[in-house]
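# Descriptive analysis of the structure
The chain contents come next:
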Amino acid sequence: MKVYMDVTNLVSVNFLTGIQRVVREVAVRMLKRKDLETVLLAYAEDKKCFDILNNEEFLKVYLYDAGDKNALRTHKRCTVEEIESGSVFFDIDSVWNSRLRRSDICSVMKANGVKLAVFVHDIIPVTHPQFSHSNTMYFFMNYIGAYLQYADIIVTSTQSTLDEINKLSDELKLERKQGFVTSLGADFKLEKKQVKSKVSDEVKEIVTNRKYILLVGTIEPRKNHKVILEAFEKYLFDKGLSLIFAGRIGWNIKEFEERIKTHPMREKQFFHISNATDEDINYLYKNAYMMAFPTYTEGFGLPLIEALERKTPVIACNCSVLKEIGKEFCEYFAPDDAHEFASLVEKYLNNEDAYKKLKKKIGKFKPDTWDAVAIKMINALKTLDSRTKINVQVPKQMVFLSARQEMLLETLPFIEKFMSFVEEAVICCPDKMVETMQLSYQGKLKLSFLTDSEVLNGATLPEDHSKRNFFLRCLAMRSEKIRENFIMCDDDYRPLRQISEKVFGKDGKYQGYYCFHLN
């Protein structure tokens, strides 16, 4: 499958924000896949077209920290109109800031038969416009509007973001796009062939012999650094704790920036590191007593999982996205409540056993790797490849989970009459039911049995009915009696009209059905 990616923003900046780090991690893995032909593009404003990038040079720069960024652009050009029908155009960078407006190019590509996929990091300019620059909001509306109209699939990093997108589509009376959710990774461990960069002396000096709380991210209104500084000024500096902001100064923050620069505790218990490298950030995470993540809203929140992956406790804002990815491994507080934040910190400062218990709990946190993230994204993209066909095998076996002999005996004739392609029924049932079923059933299906004792093999059944059934189904699928392709159903599953095998496999794809409402 041929995939085009616009990485203009990534190759244009000298620092990597959260979004560009995501682009880097996904792009280098897509380039290494032999089943993809990935074409990286960078827009050339003077030529009014894309430059095709050199993939080998890209890997040198962004995977191995070597090479020359000036060698990335080749002499090969590509206009939007030249992107072939049947290929996929995948937007993952912060392209709403691009001079090449998506409202201009998406309609052209769509008309030319190009499949459009977009990874939407968030729709904060829509849901929380107060945290976006007016220019950003204007450009973002163009971007998200174009993809709500023209995208074939939308990928997000959280279900919360996909829910917001679906809600927006509903409000605009647009058909919802097929959506996929894949979390982001925390393992920024590049395969560098050069000597690894060292942690800066400045960072080492700040960290040494210091118990500190860390904030990672651009300093801007949405990130809400002010509530943490307030908590320290009122409660936590007096406890001997230090505070470290690691992130560059963002927009609309002049007053707070001056407060940072002139703070009486600066360079004593309060530090701002604006140019931290990946190695610096990793070192800061590992040595932090806790990390604070007070952001009002977020698309995903990489700092949260990066901290947890390094077994650093996190106190986060109680917004839906952070609770989705942090689950039970974080503490949560209301974003404007400095006292609540300080109280959570003091709870652990005053109880070393509670802190150790929290660290042990965090040890069970397992974030996705970037390898796994890339695979999920690629699998989503492959749903757009019209050439991708599989050899769909007709499922000739049905697997029933039943402890109700009479119910099952009434059901089997429906299968015989309306699903004539089915040859065999595998019945997972109590041991005592086998003999009576063999004597009572007079139909044409071949019956095979998986008894409870055979399936459980000494395991104990859960008491809850639904858990028990799920447990039995999972164990049953380990049996060699279950074929590669099968239909598993309840003992009261009764088709009411003729069903062909195409219901379950069509056009080189298996068909899945999920029934929540009978209509």
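These lines cover the structure that appears in this document, whether it is placed above or below. Note that the structure is a prediction, hence the values are computed from the model and not measured.

### Some thoughts on the sheet that holds strand β17 (residues 446-451)
The four strands lie next to each other as β17-β16-β15-β18, forming an open sheet whose pairing is parallel. Of all strands in the sheet, those with a lone pairing partner are β17 and β18 (487-490), marking the two edges. With strand direction ignored, the average angle separating the axes of adjacent strands in the sheet is 25 degrees. As paired elements, strand β16 (residues 424-429) and β17 share six bridges and run parallel to each other. Across the sheet, C428 pairs through a bridge with L450, a residue of β17. Contacting β15 (397-401), β16 and β17, helix α17 (residues 405-418) crosses the sheet at an angle of about 160 degrees to β15.

### With respect to the nonpolar core
With 134 residues, the main nonpolar core has F58, F89, F90, L214, L284, L304 and F341 as its most contacted residues. Counting residues per element, this core draws most heavily on helix α2 (residues 18-31), which supplies eight residues. Not counting residues within four places of it along the chain, the set of residues in contact with F90 comprises V3, Y4, M5, D6, M30, A117, V118, F119, M377 and L381. L408, M419, V434 and F504 belong to the second largest nonpolar core, which has 21 residues in total.

### Here's the deal with the sheet that holds strand β3 (residues 49-53)
Strand order in this open sheet of eight strands is β4-β3-β2-β1-β5-β6-β7-β8, and the pairing throughout is mixed. Of all strands in the sheet, those bounded by a partner on one side alone are β4 (73-78) and β8 (178-181). Shown here is a sheet whose adjacent strand axes are inclined to one another by a mean of 30 degrees, direction ignored. Two strands pair when backbone bridges link them, and strand β6 (residues 115-120) and strand β7 (residues 153-156) are joined in this way by four bridges, in the parallel orientation. Opposite A117, over in β7, you have I153 as the bridge partner.

### Examining the packing of helix α4 (residues 102-111) against helix α6 (residues 134-150)
Taken N-terminus to C-terminus, the directions of α4 and α6 make an angle of 20 degrees; their axes are 8 Å apart at the nearest point. Here α6 runs roughly parallel to α4, going by the angle between their axes. When you trace α4 past α6, the crossing you get is right-handed. Side by side, α4 and α6 meet where R102, S103, C106, S107 and K110 of the first sit next to N142, Y143, A146, Y147 and Y150 of the second.

### What about the environment of D278?
Examined against the element boundaries, D278 turns out to sit in helix α11 (residues 278-287). For the pair formed by D278 and I228, sequence separation is 50 residues and the distance between their alpha carbons is 23 Å. Each residue touching D278, except ones within four places of it in the same chain, is listed here: R21 and R24.

### Some details on helix α15 (residues 352-362)
Restricting attention to buried positions, one finds in α15 the residues Y355, L358 and I362. Projected onto a plane normal to the axis of α15, the buried residues spread over an arc of 60 degrees and lie on a single side. In α15, the exposed positions that point more than 90 degrees away from the buried face belong to D353, K356, K357 and K360. Of the surrounding secondary structure, the elements contacted by the buried residues of α15 are β12 (290-293), α12 (302-309) and α14 (338-349).

### Some thoughts on empty space enclosed by the protein
Per the counting criterion, the structure on display carries one cavity of 30 Å³ or more. Of the volumes computed, that of the largest cavity is approximately 40 Å³. In this structure, the largest cavity is lined by L215, V216, G217, K223, H225, A292, F293 and P294. At the level of elements, β9 (212-216) and β12 are the ones that each hand at least two residues to the lining of the largest cavity.

### Observations concerning the environment of S98
In this structure, S98 sits in the loop between β5 (88-91) and α4. Exposure remark for S98: the relative accessible area of 9% places this residue in the buried category. When the C-alpha atoms of S98 and M398 are compared, they prove to be 53 Å apart, with 300 residues separating the residues in sequence. Looking at S98, its side chain comes within polar contact range of the main-chain nitrogen of L100, at 3.0 Å.

### A few points about the pattern of salt bridges
In this structure the tally under the stated criterion is 36 salt bridges. Note that R77 and D51 form a salt bridge whose closest N and O atoms lie 2.4 Å from each other. Here D51 lies in strand β3 and R77 lies in strand β4, a separation of 26 residues in the sequence. For R77, a relative accessible area of 37% gives the class partly exposed. Looking at D51, the relative accessible area reads 3%, which means it is buried. Look at the salt bridges and you will find they share partners, linking R24, E25, R29, D278 and D371 into a network.

### A look at unusual backbone geometry
A positive phi is found at K48, a non-glycine position, where the angle reads about 55 degrees. Tracing the sequence through the fold places K48 in the loop between β2 (37-44) and β3. A positive phi angle is found at N224, which is not glycine, with a value near 65 degrees. Mapped onto the elements, N224 comes out in the loop between β9 and α9 (225-236). Overall, N224 belongs to the buried group, its relative accessible area being 1%.

Calculation rules
Residues numbered from 1 in each chain as written. Predicted model: local features only at pLDDT ≥ 70, side-chain atom pairs only at ≥ 80, totals over all residues. Heavy atoms only, no water. Pairing = 2+ DSSP bridges. Helix = DSSP H or I, 4+ residues; strand = E, 2+ residues; numbered from the N terminus. Axes fitted to C-alpha atoms, helices over the stretch in contact; angles between N-to-C directions. Contact = heavy atoms within 4.5 Å. Core = buried A, V, L, I, M, F, W, Y, C linked by side-chain atoms within 4.5 Å. Buried < 20%, exposed > 50% of the residue type's maximum accessible area, 1.4 Å probe, protein only. Parallel < 35°, antiparallel > 145°, perpendicular 65-115°, else oblique. Left-handed = near helix turned anticlockwise from the far one by under 90°. Arc of directions from axis to C-beta. 1 Å grid on protein atoms, 1.4 Å probe; cavity = no way out; pocket = protein on both sides within 12 Å on 5 of 7 lines; lining within 4 Å. Points joined across faces, edges and corners; volume = space filled by probe spheres on them. Polar contact = N/O pair within 3.5 Å; in protein donor to acceptor, adjacent residues only side chain to side chain. Salt bridge = Lys/Arg side-chain N within 4 Å of Asp/Glu carboxyl O.

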